[in-house]
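# An overview of the molecular structure
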Amino acid sequence: MRKVAIVSAASRQEEKMLDNEVELMVPLISKVREETGLDQTEIGFTCSGSSDFLAGQAFSFVMTLDAVGPVPPISESHVEMDGAWALYETWVKFQMGVIDTALVYSYGKPSPGSLQDVLSTQLDPYYVAPLWPDAHAIAALQARHLLEKEEISLQHLADCAVRAGTVENHEEYYEQQILADPLRPADCPTYADGGVAMILAAEGKAEELCEKPAWITGIDHRIDTHHFGARNLSTIPSAKKAAEKAGVHKADIDLAEIHTAYTVHDVLLRKELNLPLNPEKSSKNHPIKAETLMASGLLRIAEAARAIWDQEANRTLAHATSGPLMQQNLMCVLSGEKE
Amino acid sequence: MNPEERLSAPIVLEYPFTRTTGPVIGAFMTGLREKIILGIKRDDGTVLVPPTEYDPVTSKALTEMVEVGQTGEVTTWTWVENPRDQSPWDSPHALAMILLDGSDTPFLHAVLVEEPDHMKTGMRVSIKWKKETEGHIQDIEGFVPEKENHA
């Protein structure tokens with residue numbers, strides 16, 4: 001496989017942003033281009049991730065291309081998914097040998113509308129969506145299953161909430177009123193507007209653009225069925241499979257940036273991947289505190305790369321998820337060494 | 001600028017196409033109209049409810065539809081204290097995964113009880129149909145505790 005590295009990233013998240021999507025992305029895209037000294041004509045491929053459902057408009061990503069500057073014409077693609085999957089498409093493009101540099105970005109701006117409605121419309125259109133369950137209720141179904149089977153405990157959830165910073169301590173957690181039985185507000189995400197931009201480069205170019213490139217040594221994504229009842233709520237087969245294919249466990253992981261917007265998902269995924277439940281190094285910016293549809297996954301990859309640039313870690317894992325009950329999962333292993 | 005002077009137009013998010021539900025989902029929907037629940041047999045003999053045209057795990061095409069029971073067991077649940085505007089239910093209710101007798105996969109629907117204390121994993125519930133059915137998942141008004149429905 002061709003060696004590809006992340007050489008620059010910029011991000012922004014706020015609970016309620018007044019800027020529109022273009023105004024949000026211009027400074028981020030400009031920053032990564034300035035940091036690497038590349039102008040748009042020197043970037044082989046541009047790929048983005050966003051949600052038309054969130055924007056309430058078909059092909060909404062075309063408008064956001066104004067933030068890139070698509071003249072003279074650029075080679076460009078888009079996924080109606082988290083930017084982590086735009087990064088995957090870009091990685092495949094690198095493997096095809098047709099590019100040496102790429103710009104990947106993604107964004108989501110849920111504040112003007114109702115994100116819960118958007119998430120409901122993405123459920124099975126015949127069997128589930130007409131019942132309008134919200135995302136918290138669906139996470140709660142899995143939480144009760146895991147708690148009653150004693151596969152996780154309330155203590156696990158409280159620990160995770162403290163680690164994520166949604167509460168100060170256990171007392172505060174247990175005092176909270178139930179939001180979506182058995183979940184408390186501290187178990188559920190606060191939604192944020194936000195975006196991420198990053199530059200990727202292939203071996204030979206990456207070393208010129210970055211002092212310590214974060215090399216992608218493994219990347220894979222898998223999906224489970226959308227049929228809730230056909231899934232065993234105790235496990236996440238797609239996450240395990242993606243981790244195996246990405247070689248997550250070939251060596252120690254110094255830092256895991258996992259995209260889990262609920263405490264119950266955090267605990268379950270850590271168990272599934274044999275990651276420590278109370279890690280020494282933990283994300284500075286847990287998605288439970290700021291979850292941005294379409295950007296949180298790519299942001300995890302940016303944070304995992306940053307840890308390598310800053311020499312806080314040498315081998316990191318970034319995870320992205322999408323869909324109800326963590327239906328789709330992507331694993332990306334980054335390393336300071338090319339391996 | 002005075003907010004009332006701002007130029008504005010409504011955005012209506014719509015899906016202006018018609019779809020057919022196909023031989024399997026269509027049969028299930030027709031079943032609902034007739035007040036029966038249909039599942040589909042998988043290669044291993046288990047029954048998938050609600051049915052899909054393919055096996056969600058092996059992707060094999062499935063064709064053999066079978067009727068399942070109208071009573072079953074709650075496998076997990078949550079409580080909805082404040083139903084959303086679009087919700088088919090106006091009052092607080094449970095959302096639950098319900099495993100119908102004769103089926104091997106639970107499916108999502110409401111359990112209509114007054115408070116969460118009346119809910120318990122493993123409880124037996126049965127379908128309460130709407131008076132008028134039209135071939136829609138909302139033909140099921142919800143599930144109620146088994147004894148209550150017989151009363």
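Our subject is the structure listed above.
Predicted, not measured: the structure shown is a model, and the values here were computed from it. (Residues numbered from 1 in each chain as written. Chains lettered and ligands numbered in written order. Predicted model: local features only at pLDDT ≥ 70, side-chain atom pairs only at ≥ 80, totals over all residues. Heavy atoms only, no water.)

Before going further, it helps to spend a moment on the packing of helix H6 (residues 135-148) of chain A against helix H11 (residues 263-272) of chain A. Residue and element names in this part refer to chain A. For the pair H6 and H11, the least separation of the axes is 9 Å and the interaxial angle reads 50 degrees. Between H6 and H11, the interaxial angle falls into the category oblique. Taken as a pair, H6 and H11 cross one another with a handedness that is left-handed. Note on element contacts: H11 touches H6 through Val 264, His 265 and Leu 268, opposite Ala 139, Gln 142, Ala 143 and Leu 146. Its residues placed into classes, the contact of H6 with H11 shows five nonpolar, two polar and no charged. (Axes fitted to C-alpha atoms, helices over the stretch in contact; angles between N-to-C directions. Helix = DSSP H or I, 4+ residues; strand = E, 2+ residues; numbered from the N terminus. Parallel < 35°, antiparallel > 145°, perpendicular 65-115°, else oblique. Left-handed = near helix turned anticlockwise from the far one by under 90°. Contact = heavy atoms within 4.5 Å. Nonpolar A, V, L, I, M, F, W, Y, C, P; charged D, E, K, R; others polar.)

In globular proteins that are soluble, nonpolar side chains generally tend to be buried together. If you look at the biggest cluster of nonpolar residues, it comprises 62 residues, and the most contacted ones within it are Ile 6, Leu 87, Met 198, Ile 216, Ile 301 and Leu 334 of chain A. The element best represented in this core is helix H12 (residues 296-309) of chain A, accounting for eight residues. Summarising the domain contributions, this core has at least three residues from each of domain 1 (4-111 + 192-209) and domain 3 (217-335) of chain A. The contact partners of Leu 334 of chain A, leaving out residues within four places of it in the chain, are Ile 6, Ala 214, Trp 215, Ile 216, Ile 301, Ala 304, Ala 305, Ile 308, Asn 314, Arg 315 and Thr 316 of chain A. If you look at the next biggest cluster of nonpolar residues, it comprises 44 residues, including Leu 325 of chain A together with Trp 89, Val 113 and Ile 137 of chain B. (Core = buried A, V, L, I, M, F, W, Y, C linked by side-chain atoms within 4.5 Å. Buried < 20%, exposed > 50% of the residue type's maximum accessible area, 1.4 Å probe, protein only. Domains from an automatic or database assignment.)

So, about the pairing of strand S1 (residues 37-41) of chain B. In the case of a regular strand, side chains alternate between the two sheet surfaces. Residue and element names in this part refer to chain B. The buried count for S1 comes to four of five residues, which makes it a mostly enclosed element. In the sheet, S1 pairs with strand S3 (residues 65-68) via four bridges, with the strands oriented antiparallel. The residue bridging Leu 38 from the neighbouring strand is Glu 67, located in S3. Where S1 and strand S2 (residues 47-48) come together, two bridges link them in antiparallel fashion. Of the residues in S2, the one forming a bridge with Lys 41 is Val 47. Hairpin connection from S1 to S2: five residues lie between these consecutive antiparallel strands, with Gly 45 at a positive phi of about 90 degrees. (Pairing = 2+ DSSP bridges.)

Moving on: the packing of aromatic side chains. Each aromatic ring pair is described using two quantities: the centre-to-centre distance and the angle formed by the ring planes. Residue and element names in this part refer to chain A. Applying the stated criterion across every chain, the model contains six aromatic pairs over all chains. Ring geometry for Tyr 88 versus Trp 91: centroids 5.8 Å apart, planes at 40 degrees, classification tilted. In this pair, Tyr 88 and Trp 91 both sit in helix H4 (residues 83-95), three residues apart, roughly one turn of the helix. Like Tyr 88, the residue Trp 91 is buried in the burial classification. The interplanar angle of 15 degrees and the centroid separation of 6.4 Å between the aromatic rings of Tyr 105 and Tyr 107 together place this pair among those described as stacked. Relative accessible area serves as the criterion here: at 5%, Tyr 107 is assigned to the buried category. If you follow Lys 93 out to its NZ or CZ, it ends over the ring of Phe 45, 4.7 Å from the centre. (Phe/Tyr/Trp six-rings, centres within 6.5 Å; stacked < 30°, edge-to-face > 60°. Lys NZ or Arg CZ within 6 Å of the ring centre and 35° of its normal.)

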